[in-house]
Amino acid sequence: MKLIKTSVFPLLLAGIYLAICRFDIVNPYLIPRPGQLITALTSLTCRGILQHHIAVSLQRVFAGFLLTLLFALPMALFFHFFRRISAFLLGTLHFLRNTPPLAMVPLLILWFGIGEASKLVLIIMASFFPVFLNTLSGLQQVDSRLIEMGDTLELNRWEKIIHILLPETLPTVLTGMRLSFGYSWRALIGAEMIAASSGLGYMILDAQELARTDIVFIGILSIGLSGLLLDILFQRVIQHIFPWIPGEVI
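This structure is a prediction, so every number in the text was calculated from the model and none was measured. (Residues numbered from 1 in each chain as written. Predicted model: local features only at pLDDT ≥ 70, side-chain atom pairs only at ≥ 80, totals over all residues. Heavy atoms only, no water.)

What am I meant to see in the overall build of the protein chain here?
If you tally the helices and strands in the protein chain, you get 11 helices and zero strands. Seen along its three principal axes, the alpha-carbon backbone of the protein chain occupies a region of about 75 × 50 × 30 Å. Per-residue burial for the protein chain yields a buried fraction of 37% across its 250 residues. At a minimum sequence separation of 6, the contacts of the protein chain that also span at least 24 residues come to 67%. Surface summary for the protein chain: the accessible area is close to 15,200 Å², and the carbon and sulfur share equals 70%. (Helix = DSSP H or I, 4+ residues; strand = E, 2+ residues; numbered from the N terminus. Buried < 20%, exposed > 50% of the residue type's maximum accessible area, 1.4 Å probe, protein only. Contact = heavy atoms within 4.5 Å. Areas by Shrake-Rupley, 256 points an atom, 1.4 Å probe, with all protein chains shown as cover.)

Sorry, what's going on with helix 7 (residues 116-140) here?
Along an α-helix, residues three or four apart share an orientation, since each turn contains 3.6 residues. Taking 1.5 Å per residue, 25 residues should reach 36 Å; helix 7 reaches 36 Å between its end C-alpha atoms and fits that length. At Ser127, helix 7 shows its largest kink, close to 40 degrees, and the proline Pro130 lies no more than four residues downstream. (Expected span 1.5 Å × (residues − 1). Bend = angle between axes of the 7 residues up to and from the residue.)

What is the right way to read the nonpolar core from this model?
In globular proteins that are soluble, nonpolar side chains generally tend to be buried together. Ranked by internal contacts, the top residues of the largest apolar core, which has 40 residues, are Phe132, Met177 and Leu200. Those elements that place two or more of their residues in this core are helix 1 (2-22), helix 2 (34-46), helix 3 (49-81), helix 7, helix 9 (157-194), helix 10 (200-209) and helix 11 (213-241). Looking at this core element by element, the count peaks at eight residues for helix 9. Non-local contacts of Leu200, meaning those with residues more than four positions away in its chain, are made with Leu50, His53, Ile54, Ser57, Trp185, Ile189, Glu192, Ser222 and Ile223. (Core = buried A, V, L, I, M, F, W, Y, C linked by side-chain atoms within 4.5 Å.)

Whenever I open this one, the packing of helix 3 against helix 11 confuses me. Can you help?
For any two helices packed against each other, the geometry is given by the interaxial angle and the distance between the axes. In contact at an axis separation of 12 Å, helix 3 and helix 11 are set at 45 degrees when each is read in the N-to-C sense. The angle between the axes of helix 3 and helix 11 places the two elements in the oblique class. The handedness of the crossing between helix 3 and helix 11 comes out as right-handed. Contacts from Leu50, Ile54, Leu58 and Phe62 in helix 3 reach Ile218, Ser222, Ser226 and Leu230 in helix 11. (Axes fitted to C-alpha atoms, helices over the stretch in contact; angles between N-to-C directions. Parallel < 35°, antiparallel > 145°, perpendicular 65-115°, else oblique. Left-handed = near helix turned anticlockwise from the far one by under 90°.)

Before we go on, may I ask you to explain the packing of aromatic side chains in this structure?
When we look at a pair of aromatic rings, we describe it by the centre distance and by the angle of the planes. Applying the stated criterion to the full structure yields seven aromatic pairs. Between Phe78 and Phe79 the ring centres are 6.2 Å apart and the planes differ by 65 degrees, which places this aromatic pair in the edge-to-face class. Assessed through its relative accessible area of 30%, Phe78 is described here as partly exposed. Judged by relative accessible area, Phe79 falls into the buried class, the value being 5%. Ring pairing ties together the aromatic residues Phe78, Phe79, Phe82, Phe128, Phe129 and Phe132, which thus form one cluster. (Phe/Tyr/Trp six-rings, centres within 6.5 Å; stacked < 30°, edge-to-face > 60°.)

Is there a simple way to explain the packing of helix 8 (residues 144-152) against helix 9 in this structure?
Put simply, helix 8 and helix 9 touch, their axes get as near as 11 Å, and they point 170 degrees apart. By the criterion of interaxial angle, the relationship of helix 8 to helix 9 is roughly antiparallel. Where helix 8 abuts helix 9, its residues Leu146, Ile147, Gly150 and Asp151 lie against Lys160, Ile164, Leu165 and Glu168. Of the residues belonging to the contact of helix 8 with helix 9, the class tally is four nonpolar, one polar and three charged. (Nonpolar A, V, L, I, M, F, W, Y, C, P; charged D, E, K, R; others polar.)

Help me understand the environment of Met149 in this model?
Position of Met149 among the secondary structure elements: in helix 8. For the pair formed by Met149 and Ser222, sequence separation is 73 residues and the distance between their alpha carbons is 50 Å.

Explain the pattern of salt bridges to me, please; I cannot follow it from the model alone.
When their charged atoms lie close together, side chains carrying opposite charge are able to pair. Tallied over the full model, the rule gives four salt bridges. Across the salt bridge formed by Arg60 and Glu192, the nearest N and O atoms sit 2.6 Å from each other. With a gap of 132 residues between them, Arg60 in helix 3 and Glu192 in helix 9 connect regions that are remote in the sequence. (Salt bridge = Lys/Arg side-chain N within 4 Å of Asp/Glu carboxyl O.)

Looking at this structure, I do not really get unusual backbone geometry. What am I missing?
For residues other than glycine, phi is negative in most cases, and the peptide bonds are mostly trans. Here Ala211, not a glycine, exhibits a phi torsion of approximately 60 degrees, which is positive. Tracing the backbone through its elements, the reader meets Ala211 in the loop between helix 10 and helix 11. With relative accessibility at 39%, the residue Ala211 sits in the partly exposed group.

Below is the structure:
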C-alpha cells in the first residue's frame, strides 16, 4: 500500500510527460521524446559510459562520506566533554555552517587543484554538519540518571561512551548519517559540474555543451534514482543491524 501511494505522483508526472510528447506541446529540443531517451540510454550503457560515470561518482561519495564520519563523530564527542574549550570554536563552526559549500569551490580548486582532493573536501564540508549536529544533540539529550549510574559503577570516560552514550545517541546519529549522505551526493554533483573529467555531473555538463538534452535527462534521472536506491539500501541495512530502531523504508 505504501509503495502504491508513493508511486502515484511519479506516475502522474510520467503521464504529463507522455502527453506533452504525444501532442508536441514543447519543442523536442527542450523535452526529448521517449524514443530519444531510449536510444541515448542504450548507447551510453552499451559503451559502458553511464556505468563508468556512476561508479566514479559513487566512489567519490563513499570516500568523502567515510572521511566525514571520521571527523564529525570525534568532534561531537569533543564538544560534549570539553564545553569550555569548544565554546571558542562555536562562532567559526556557525560561520562555516552558513557558508554554502559550492561557494568554496573556486577557493578549493586554487588550494587543492582540480583533482580528487578538492572534491573530497567539498563533500566533507557539505555533509559534516548533519552528522555533527545530530550526534551532539543526541549526546546532550542523554538522560542524566544514566550518567549518574555510570558514575556509581565507576565507569571511566571510554566505558561511558561505549555502554551509555553511543547506545542512547544511536538513533540521532543514524538520522544524521542519512541526511549527511544525501548532502554529500548533491555536493559532489555540483563539484563535478565545475571541475571534473568524469562523473555524472561532468556528463550532464558535457551533454549540455553538446546540446544533447536527452543525455542531460538521463544524467538527472541517474542521479535521482541512484540517490533513492542508496537511501533505501541504507535504511534496510540499518533495520537489519539495529531492528529495535524505528525506521521507514519507501
